[in-house]
Amino acid sequence: MAMVQQKKTKQANSSSNLLNPHCHLLDTKGLSVEDIQAFLKLANTHKQFLKNNPCNKKQGVLTGQVVVNLFVENSTRTRSSFELAAKYLGAEVLNFDVTTSAFKKGETLLDTLNNLMAMHVDAFVIRHPESGILHGLQSSIQNKACLINAGDGRHEHPSQGLLDTMTMLEVCGELNNKKVVIVGDILHSRVARSNIHILNKLGAKVTLCGPPSLLPSAFSELGVAVEYDLTQALTGADFVMTLRLQLERQESGLISSLNEYIEHYGINHERLKLAQPSVKILHPGPMNRDVEITSALADDLKYSLILEQVNNGVAMRMAIIETLLKKREALLH
Ligand code: CP
């Protein structure tokens, strides 16, 4: 397993999700380096297990536990991999169908969770359009069930940040002083925020790049470089993380035209020549092929880690579910 170095820690790591007396993963901002290392270590163990046991992937560590997937927004990768992760660990999974539930009649999220907890649910994986909604639930839920943030508005997507970190560490062993460039719609990106917090803690040099309308200069307060010129941003990059351009941004006037966006911020083979020869590309998905990244580059395995991110997503989500459910069990006894 790639070991995480912590020579240079830009932010204070006094808070610790796993050392604190709760069993939730709400963000990466509150994780300590030790928390991140623990998730990475367990995820690597699970990845090896899945690799070594392709025909018998199931472990029984969470037999008898119930995990609910409650997605108020669409998802392919996060929802499927949390479901598979829980099943590989031996847990039961309920995919709560928001569209056919009383949630559609106006029942609150908290009432929905309380009703499901009355049915002996142990963990909720929640995606919701409202930023910070899980933090608001924490005091009511306490440790009766684990809350796992699968993406809340533009706030955070912690499991994505952790799986991205795992993927980068597999390439280079440590992130200290590595230049990671995140390109695109930073303003609306929960993926960017979760990555920024982890990368800062692990000593990476983070550069954000995008049009000013999608990248307010105030992001520099997070301890990262803000660059509007892609040529400058890509120079010397070790990793380039492209973000999905939400096409409705054009309608809202935040970008003037798609072609102009592609011209200034689209990633392609030619532009990648400015980066380190060993540069790798990440994308959290879903991709707009030939918008934020050329199709040829996305599929070029010399550079692209995109499907490896998805592969690591299962192992990382196994680590998250197992860690939190074991923590809850310890807190309840
Ligand atoms: N990366 C990500 O969150 O993808 P999904 O929306 O498909 O879950």
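All figures in this text were calculated on a predicted structure; none of them were measured in a lab.

### A closer look at the nonpolar core
Next up, step 1: Judged by nonpolar contacts, the single largest core of 58 residues is most densely connected at Leu 162, Ile 182, Leu 208, Met 316 and Ile 321.
Next up, step 2: Excluding residues that lie within four positions of it along the chain, Ile 182 makes contacts with Ala 192, Asn 195, Ile 196, Val 206, Thr 207, Leu 208, Cys 209, Met 241 and Leu 243.
Next up, step 3: Residues Val 181, Ala 233, Ala 237 and Val 291 belong to the second largest nonpolar core, which totals 24 residues.

### Structural notes on the sheet that holds strand 8 (residues 239-242)
Next up, step 1: Spatially, 5 strands are ordered 7-6-5-8-9 in an open sheet, and the strand pairing comes out parallel. Whereas interior strands pair on both sides, the edge strands pair on one side only; in this sheet they are strand 7 (225-227) and strand 9 (280-282). Along the sheet, successive strands turn relative to each other by an average axial angle of 20°, direction set aside.
Next up, step 2: For strand 8 and strand 9, the ladder comprises 3 bridges, and the chain directions are parallel. Its bridge partner being in strand 9, Met 241 is matched across the sheet by Leu 282.
Next up, step 3: Sheet strands in contact with helix 5 (residues 158-172) are strand 5 (179-183), strand 8 and strand 9, and its direction is about 155° off that of strand 8.

### A closer look at unusual backbone geometry
Next up, step 1: The step from Gly 285 to Pro 286 runs through a cis peptide bond, and the omega angle for that step is -5°.
Next up, step 2: If you trace the backbone, Pro 286 turns up in the loop between strand 9 and helix 11 (295-298).
Next up, step 3: Unusually for a residue other than glycine, Asp 290 sits at a positive phi of about 65°.
Next up, step 4: Locating Asp 290 in the fold gives a position in the loop between strand 9 and helix 11.
Next up, step 5: With relative accessibility at 44%, the residue Asp 290 sits in the partly exposed group.

### Observations concerning the packing of aromatic side chains
Aromatic ring pairs are defined here through the distance separating the ring centres and the angle between the ring planes.
Next up, step 1: Under the counting rule described, the total for this entry stands at 1 aromatic pair.
Next up, step 2: Between Tyr 261 and Tyr 265, the ring centres sit 5.7 Å apart and the planes meet at 40°, which makes this aromatic pair tilted. With Tyr 261 and Tyr 265 both in helix 9 (residues 258-265) and 4 residues apart, this pair spans about one turn of that helix. Each member of the pair, Tyr 261 together with Tyr 265, is buried.

### Examining the site of the ligand
Next up, step 1: Surrounding the ligand, one finds Ser 75, Thr 76, Arg 77, Thr 78, Arg 127, His 157, Gln 160, Pro 284 and Gly 285.
Next up, step 2: In the model, an oxygen atom of the ligand is placed 2.8 Å from a nitrogen or oxygen of the Thr 76 main chain.
Next up, step 3: Within the complex, 92% of the 250 Å² of free accessible area of the ligand lies under protein.
Next up, step 4: In terms of residue class, the shell around the ligand is built from 1 nonpolar, 6 polar and 2 charged.

### A word on the side chain of His 24
Next up, step 1: Locating His 24 in the fold gives a position in the segment before helix 1 (33-52).
Next up, step 2: Looking at His 24, its side chain comes within polar contact range of the main-chain nitrogen of Leu 147, at 2.9 Å.

### Let's talk about the pattern of salt bridges
Next up, step 1: Evaluation of the coordinates by the stated rule reveals 8 salt bridges.
Next up, step 2: The shortest N-O distance in the salt bridge between Lys 47 and Glu 308 comes to 2.6 Å. Of the two residues, Lys 47 sits in helix 1 while Glu 308 sits in helix 12 (residues 306-332), which places them 261 residues apart along the sequence.
Next up, step 3: Residue Glu 308 is classed as partly exposed on the basis of its relative accessible area of 28%.
Next up, step 4: Linked by salt bridges that have partners in common, Lys 47, Glu 170 and Glu 308 make up one network.

### Here we look at the sheet that holds strand 3 (residues 123-128)
Next up, step 1: Pairing within the open sheet is parallel, and its 4 strands lie in the order 2-1-3-4. At either end of the open sheet lies a strand with only one pairing partner, and these are strand 2 (92-96) and strand 4 (146-152). Between one strand axis and the next, the sheet turns through 15° on average, direction left out of account.
Next up, step 2: Note: strand 1 (residues 66-71) against strand 2, 5 bridges, orientation parallel. The partner of Asn 69 across the bridge, within strand 2, is Asn 95.

### Regarding the packing of helix 3 (residues 109-117) against helix 4 (residues 133-141)
Next up, step 1: One can describe the packing of helix 3 onto helix 4 by two numbers: an axis separation of 11 Å at closest approach and a directional angle of 45°. Judged by the angle between their axes, helix 3 and helix 4 are oblique. The hand of the helix 3/helix 4 crossing is right-handed. Residues Leu 109, Leu 110, Leu 113, Asn 114 and Met 117 of helix 3 pack against Ile 133, Leu 137, Ser 140 and Ile 141 of helix 4.
Next up, step 2: When grouped by side-chain class, the residues that make up the contact of helix 3 with helix 4 number 7 nonpolar, 2 polar and no charged.

Conventions adopted
Each residue is numbered by its place in its chain's sequence as written, counting from 1. Side-chain atom pairs in this predicted model are given and counted only at pLDDT of 80 or more, local residue features only at pLDDT of at least 70, and totals for whole chains, interfaces and linings cover all residues. With hydrogens and water set aside, each side-chain value is computed from the structure's full complement of heavy atoms. Put simply, a nonpolar core is a bunch of buried Ala, Val, Leu, Ile, Met, Phe, Trp, Tyr and Cys residues held in one set by side-chain atoms that sit within 4.5 Å of each other. Per-residue accessibility, obtained with a 1.4 Å probe over protein chains only, is compared with the maximum for each type, and a residue is labelled buried under 20%, exposed over 50%, and partly exposed between these values. Note on contacts: a residue pair is in contact if any heavy atoms of the two residues lie within 4.5 Å. One requirement defines pairing of two strands: DSSP has to find at least two bridges between them. Helix and strand labels come from DSSP, where a helix needs a run of H or I of at least four residues and a strand needs a run of E of at least two; each type is numbered from the N terminus. Only the stretch in contact is used when a helix axis is fitted, and all axes are lines through C-alpha atoms; the angle between N-to-C directions ranges over 0 to 180 degrees. Under the pairing criterion, centres of Phe, Tyr and Trp rings, with the six-membered ring standing for Trp, must be within 6.5 Å; the plane angle then separates stacked pairs below 30 degrees from edge-to-face pairs above 60, leaving the rest tilted. In this text, near means that some heavy atom of the residue lies within 4 Å of the molecule or strand in question. For the purposes of these results, a polar contact is taken to be a pair of N or O atoms within 3.5 Å, where, inside protein, one atom must be able to donate a hydrogen and its partner to accept one; residues adjacent in sequence count only when each atom of the pair is a side-chain atom. Accessible surface area values rest on a Shrake-Rupley calculation with a 1.4 Å probe, where residue burial reflects the displayed protein chains alone. Gly falls in the polar group here, along with every residue not listed as nonpolar (Ala, Val, Leu, Ile, Met, Phe, Trp, Tyr, Cys, Pro) or charged (Asp, Glu, Lys, Arg). Salt bridge, as used here, is a side-chain nitrogen of Lys or Arg placed within 4 Å of a carboxyl oxygen of Asp or Glu. Each angle receives one of four descriptions, namely roughly parallel if under 35 degrees, roughly antiparallel if over 145, roughly perpendicular if within 65 to 115, and oblique otherwise. A crossing counts as left-handed when the near helix is turned anticlockwise from the far one by less than a right angle, and as right-handed when that turn is clockwise.

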